[in-house]
Amino acid sequence: EPEVTQTPSHQVTQMGQEVILRCVPISNHLYFYWYRQILGQKVEFLVSFYNNEISEKSEIFDDQFSVERPDGSNFTLKIRSTKLEDSAMYFCASRRTGFADTQYFGPGTRLTVL
Amino acid sequence: ELKVEQNPLFLSMQEGKNYTIYCNYSTTSDRLYWYRQDPGKSLESLFVLLSNGAVKQEGRLMASLDTKARLSTLHITAAVHDLSATYFCAVDGEDSNYQLIWGAGTKLIIKP
């Protein structure tokens, strides 16, 4: 069964460093999302991506964040200058269509900023 | 502001008992999703409810949707330890790309 994959599973970085989180969505899916979950808290939407551009972003997704789909398969989230409060689990999700369709989540990347 | 509220946030119960988790939402959406999350793991889709009156069942879990009341329920029948997890409900956002808006989650612990 197709699945969303994410790498790395755990990333430890120093405050102020740049990190890139990688995702490979399910191949025939058209809508891509990044969410984050601070430990023990609710899931928060960061950004949605469709047709090679950002379609919606939340207040969390400020100028230090960016997303790219550099080729036909990868979907990346870059955090330019990490802060302590960026420590969280980051989930990538994909969806075949935009309407009434299940979002499938990757296993997540645990980001720890020291 | 879109809100999704779950209750209870924490539930400890004995095996064999029945219980219900409630999810209230403030949008006019008629689509609601239930996910399960085990500790340190990803989010697993359980149910997709697409219309008023929708009911879906999988094993000991049954989910329903009342769009008029903006309420969904997740009912657990004769709970077993393996159902211990955190359960989230979510609704589609109101923009055209339907990001999910999440409830806070219900942490369910089922004791033998």
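Every value quoted in this text rests on a predicted model; they were computed, and no experiment measured them.

**Regarding the overall build of chain B**
Link 1 in the chain: Helix and strand counts for chain B stand at zero helices and eleven strands.
Link 2 in the chain: In chain B, the succession of helices and strands from N to C terminus is β-β-β-β-β-β-β-β-β-β-β.
Link 3 in the chain: Against the 2.2 N^0.38 benchmark of 13 Å for 112 residues, chain B shows a C-alpha radius of gyration of 13 Å, consistent with a compact globule.
Link 4 in the chain: A burial count over chain B gives 48% of its 112 residues as buried.
Link 5 in the chain: Within chain B, residue pairs in contact and separated by at least 24 positions form 55% of the contacts whose partners lie at least 6 positions apart.
Link 6 in the chain: Carbon and sulfur atoms form 49% of the exposed surface of chain B, whose accessible area is close to 5,400 Å².
Link 7 in the chain: A distance of 6 Å separates the average location of the 11 positive side-chain charges in chain B from that of its 12 negative side-chain charges.

**Some points on the state of the cysteines**
All names here are of chain A.
Link 1 in the chain: Enumeration over the complete set of coordinates arrives at two disulfides over all chains.
Link 2 in the chain: With its sulfur 1.9 Å from that of its partner, cysteine 23 forms a disulfide with cysteine 92. For the disulfide bridge between cysteine 23 and cysteine 92, the dihedral angle about the S-S bond is near -60 degrees, and by the sign convention the bridge is left-handed. Of this pair, cysteine 23 sits in strand 3 (residues 19–24) while cysteine 92 sits in strand 9 (residues 88–95); the two residues are 69 residues apart in sequence, bridging distant segments of the chain. Cysteine 92 carries the same exposure label as cysteine 23, and that label is buried.

**Details of the sheet that holds strand 3 (residues 19–25) of chain B**
Where strands meet in a sheet, backbone hydrogen bonds hold them as pairs that are either parallel or antiparallel.
Residues and elements named next belong to chain B.
Link 1 in the chain: On the basis of which strands lie adjacent, the open sheet formed by five strands has the order 1-3-8-7-6 and antiparallel pairing. Here the strands that pair on one side only, and so sit at the sheet edges, are strand 1 (4–7) and strand 6 (55–58). In this sheet, adjacent strand axes meet at a mean angle of 15 degrees when their direction is disregarded.
Link 2 in the chain: As judged from the six bridges shared by strand 7 (residues 61–66) and strand 8 (residues 71–76), these two strands associate in the antiparallel manner. If you follow aspartate 66 over to strand 8, its bridge partner there is leucine 71.

**Examining the layout of surface pockets**
Space left empty within the atom packing is revealed by a probe, the size of a water molecule, rolled over the atoms.
Link 1 in the chain: Its volume calculated, the largest pocket comes out at about 550 Å³.
Link 2 in the chain: Taken together, 20 residues make up the lining of the largest pocket; nearest its centre are Lys42(A), Glu1(B), Leu2(B), Ile101(B) and Trp102(B).
Link 3 in the chain: Listed by contribution, the elements that provide at least two residues to the lining of the largest pocket are strand 5 (43–50) of chain A together with strand 1 and strand 10 (100–102) of chain B.
Link 4 in the chain: The residue inventory of the lining of the largest pocket, partitioned by class, reads eight nonpolar, three polar and nine charged.
Link 5 in the chain: By volume, the second largest pocket is sized at about 430 Å³.
Link 6 in the chain: What lines the second largest pocket is a set of 24 residues, among which Gln37(A), Gly40(A), Gln37(B), Pro39(B) and Thr86(B) lie closest to the centre.
Link 7 in the chain: Broken down by secondary-structure element, the contributors of at least two residues to the lining of the second largest pocket are strand 9 of chain A together with strand 9 (85–92) and strand 11 (106–111) of chain B.
Link 8 in the chain: Here the lining of the second largest pocket gets four residues from one element, more than from any other, and that element is strand 11 of chain B.
Link 9 in the chain: Counted by class, the lining of the second largest pocket contains eleven nonpolar, nine polar and four charged residues.

**Considerations on the side chain of Arg36(B)**
Residue and element names in this part refer to chain B.
Link 1 in the chain: Within the element layout of this structure, arginine 36 appears in strand 4 (residues 32–37).
Link 2 in the chain: At a separation of 2.9 Å, a polar atom in the side chain of arginine 36 contacts the side chain of aspartate 38.
Link 3 in the chain: Only 3.4 Å separates the side chain of arginine 36 from the backbone oxygen of serine 84, close enough to count as a polar contact.
Link 4 in the chain: Leaving out residues up to four positions away in the same chain, arginine 36 has contacts with Ser42, Leu43, Glu44, Leu46, Asp82, Leu83, Ser84, Ala85, Thr86 and Tyr87.

**Notes on the interface of chain B and chain A**
Link 1 in the chain: Facing 21 residues of chain B, the contacting portion of chain A comprises 24 residues.
Link 2 in the chain: Here chain B is connected to chain A by one salt bridge.
Link 3 in the chain: Across the pair Arg95(A) and Asp92(B) runs a salt bridge, and its minimum N-O distance is 2.9 Å.
Link 4 in the chain: Taken together, the links from chain B to chain A amount to seven residue pairs in polar contact (both at pLDDT 80 or more).
Link 5 in the chain: When residues of the side of chain B that touches chain A are traced back to their parent elements, those giving at least two are strand 4, strand 5 (43–49), strand 9 and strand 10 of chain B.
Link 6 in the chain: Residues belonging to the side of chain B that touches chain A are distributed by class as follows: ten nonpolar, seven polar and four charged.

**Section: the nonpolar core**
Link 1 in the chain: In this structure, Leu32(B), Trp34(B), Leu74(B) and Tyr87(B) are the most contacted members of the largest nonpolar core, which totals 25 residues.
Link 2 in the chain: When residues of this core are traced back to their parent elements, those giving at least two are strand 2 (10–14), strand 3, strand 4, strand 5, strand 7, strand 8, strand 9 and strand 11 of chain B.
Link 3 in the chain: Counting residues in hydrophobic clusters, the runner-up holds 21 residues, among them Val19(A), Phe32(A), Cys92(A) and Leu111(A).

How each quantity is defined
Residues numbered from 1 in each chain as written. Chains lettered and ligands numbered in written order. Predicted model: local features only at pLDDT ≥ 70, side-chain atom pairs only at ≥ 80, totals over all residues. Heavy atoms only, no water. Helix = DSSP H or I, 4+ residues; strand = E, 2+ residues; numbered from the N terminus. Rg over C-alpha atoms; globule rule 2.2 N^0.38 Å. Buried < 20%, exposed > 50% of the residue type's maximum accessible area, 1.4 Å probe, protein only. Contact = heavy atoms within 4.5 Å. Areas by Shrake-Rupley, 256 points an atom, 1.4 Å probe, with all protein chains shown as cover. Lys, Arg positive; Asp, Glu negative; His and termini not counted. Charge placed at Lys NZ, Arg CZ, Asp CG, Glu CD. Disulfide = S-S within 2.5 Å. Pairing = 2+ DSSP bridges. Axes fitted to C-alpha atoms, helices over the stretch in contact; angles between N-to-C directions. 1 Å grid on protein atoms, 1.4 Å probe; cavity = no way out; pocket = protein on both sides within 12 Å on 5 of 7 lines; lining within 4 Å. Points joined across faces, edges and corners; volume = space filled by probe spheres on them. Nonpolar A, V, L, I, M, F, W, Y, C, P; charged D, E, K, R; others polar. Polar contact = N/O pair within 3.5 Å; in protein donor to acceptor, adjacent residues only side chain to side chain. Salt bridge = Lys/Arg side-chain N within 4 Å of Asp/Glu carboxyl O. Core = buried A, V, L, I, M, F, W, Y, C linked by side-chain atoms within 4.5 Å.

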